[in-house]
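Descriptive analysis of the structure
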Amino acid sequence: MKTALTIAGSDSSGGAGIQADIKTMTMNGVFAMSAITALTAQNTTGVTGILNSTPEFLAQQLDAVFTDIYPDAVKIGMVSSHELIRVIAQKLRQYGAKHIVVDPVMVATSGAALLEPDAVTALETELLPLAEVITPNIPEAEILCGHSIKTAADMENAAKEISQKFGCNVLCKGGHNLNDANDLLVLTDGSAAWFNGQRIDNPNTHGTGCTLSSAIASNLAKGYDLETAVRRAKAYISGALAAMLDLGHGSGPMNHAFALDNEWSKEAEA
């Protein structure tokens, strides 16, 4: 069985972060492992508290994983401090990690910045150059390229700039009133491919970024090329959204287990 490691924050309500990553990896047929960068107190209405791991403890978690069950792919999500980012980069280099997918969680849905300026610098200089692919949304891509993105042509130019700047493939995610759910993949050789998505009328989209990046990592771990991994990941997330799970009082989670139908998932008969 192929394996994948998620390095991210914990979401106590289960819709995003480590919890979404593990569900996604499991449903995409790989064995999921985790190194937790932060504990969060959050639900579908927002985040009420964050407790960061220490750099020393995060390093211990990464050592424990890499020295025993070596991951076939690594997904990196929320990392809020430059100290933690540097520990991750150092350990990934130390162990020669492969198929690294970075979801650069920099901006909250509300538009609020999630990273301090020194953490953004560490992300750009230490982590992004190690990635096989990064998955910024429009606001994050704007930060990484340094200018606004208003059109599909802007997306293409920004993704190419980011790819050249950091030496990695870039999946620039659409939405944010720019297009329907159309994502653009730009490879380091300059070639580009659009992945047209179906806009699903579901307000419960908590954890979509975490889920997409984890599904891509899972497919890379299984040996798919990057374009196929992205295509399969988008199909998976469309299914999870189309299941129309409705939990919580805010923007709720998707049903990561929409395709799970076996003896162990059935409810007791009345």
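This write-up is about the structure you can find in this document. Worth saying up front: this structure is predicted, and the values here are computed from it rather than measured.

Here the focus is helix α4 (residues 117–127). What sets the pattern is the α-helix's 3.6 residues per turn: residues three or four places apart point alike. Within the span of α4, buried status applies to Ala-119, Val-120, Ala-122, Leu-123, Glu-124 and Leu-127. The secondary structure elements touched by the buried residues of α4 are β4 (73–76), α3 (82–94), α5 (138–145) and α6 (152–166).

What follows covers the pattern of salt bridges. Once their charged atoms are close, side chains differing in charge can pair, the charge on each being opposite to the other. According to the stated counting rule, one finds six salt bridges in the structure shown. Measuring nitrogen to oxygen at the nearest pair gives 3.0 Å for the salt bridge that ties Asp-21 to Lys-75. Placement of Asp-21 in helix α1 (residues 17–27) and of Lys-75 in strand β4 is noted, with a sequence separation of 54 residues between them. Grouping residues by exposure puts Asp-21 and Lys-75 together as buried. For Asp-103, the salt bridge goes to Lys-173, with nearest N and O atoms at 3.6 Å. Taken together, the residues span a long stretch of sequence, with Asp-103 in the loop between β5 (100–102) and α4 and Lys-173 in the loop between β7 (169–172) and β8 (183–186) at a distance of 70 residues.

Where two aromatic rings form a pair, the distance of their centres and the angle of their planes describe that pair. All chains considered together, the criterion is met by three aromatic pairs. Considering the side-chain rings of Phe-66 and Tyr-95, the 5.1 Å spacing of their centres and the 5° angle between planes classify their relative orientation as stacked. Taken as a pair, Phe-66 in helix α2 (residues 55–66) and Tyr-95 in the loop between α3 and β5 lie far apart in primary sequence, 29 residues in all. On the basis of an interplanar angle of 40° and a centroid distance of 5.5 Å, the ring pair of Tyr-236 and Phe-258 is categorised as tilted.

A word on α6. For α6, with 15 residues, the first-to-last C-alpha span of 21 Å sits near the 21 Å given by 1.5 Å per residue. Buried residues of α6: Met-155, Ala-158, Ala-159, Ile-162, Ser-163 and Phe-166, and no others. Seen along its axis, α6 keeps its buried residues to an arc of 135°; they face one direction. Summarising the geometry of α6, the exposed residues directed more than 90 degrees from the buried face are Gln-164 and Lys-165. Where α6 is buried, its residues contact α4, β6 (133–134), α5, β7, β8 and β9 (192–195). Phi for Gly-167, located one or two positions after α6, is positive at around 70°.

The alternating pattern of β8 places Asp-183 and Leu-185 and Leu-184 and Val-186 on opposite faces, both of which are buried. Here β7 pairs with β8 via three bridges, running antiparallel. Looking at β8, one finds that Cys-172 is bridged to Leu-184. One ladder, built from four bridges, connects β8 with β9; its direction is antiparallel. Its bridge partner lying in β9, Asp-183 is registered against Phe-195. Joining the antiparallel neighbours β8 and β9 is a turn of five residues, in which Gly-190 adopts a positive phi near 95°.

Rules of the game
- Residues numbered from 1 in each chain as written.
- Predicted model: local features only at pLDDT ≥ 70, side-chain atom pairs only at ≥ 80, totals over all residues.
- Heavy atoms only, no water.
- Buried < 20%, exposed > 50% of the residue type's maximum accessible area, 1.4 Å probe, protein only.
- Helix = DSSP H or I, 4+ residues; strand = E, 2+ residues; numbered from the N terminus.
- Contact = heavy atoms within 4.5 Å.
- Salt bridge = Lys/Arg side-chain N within 4 Å of Asp/Glu carboxyl O.
- Phe/Tyr/Trp six-rings, centres within 6.5 Å; stacked < 30°, edge-to-face > 60°.
- Expected span 1.5 Å × (residues − 1).
- Arc of directions from axis to C-beta.
- Pairing = 2+ DSSP bridges.

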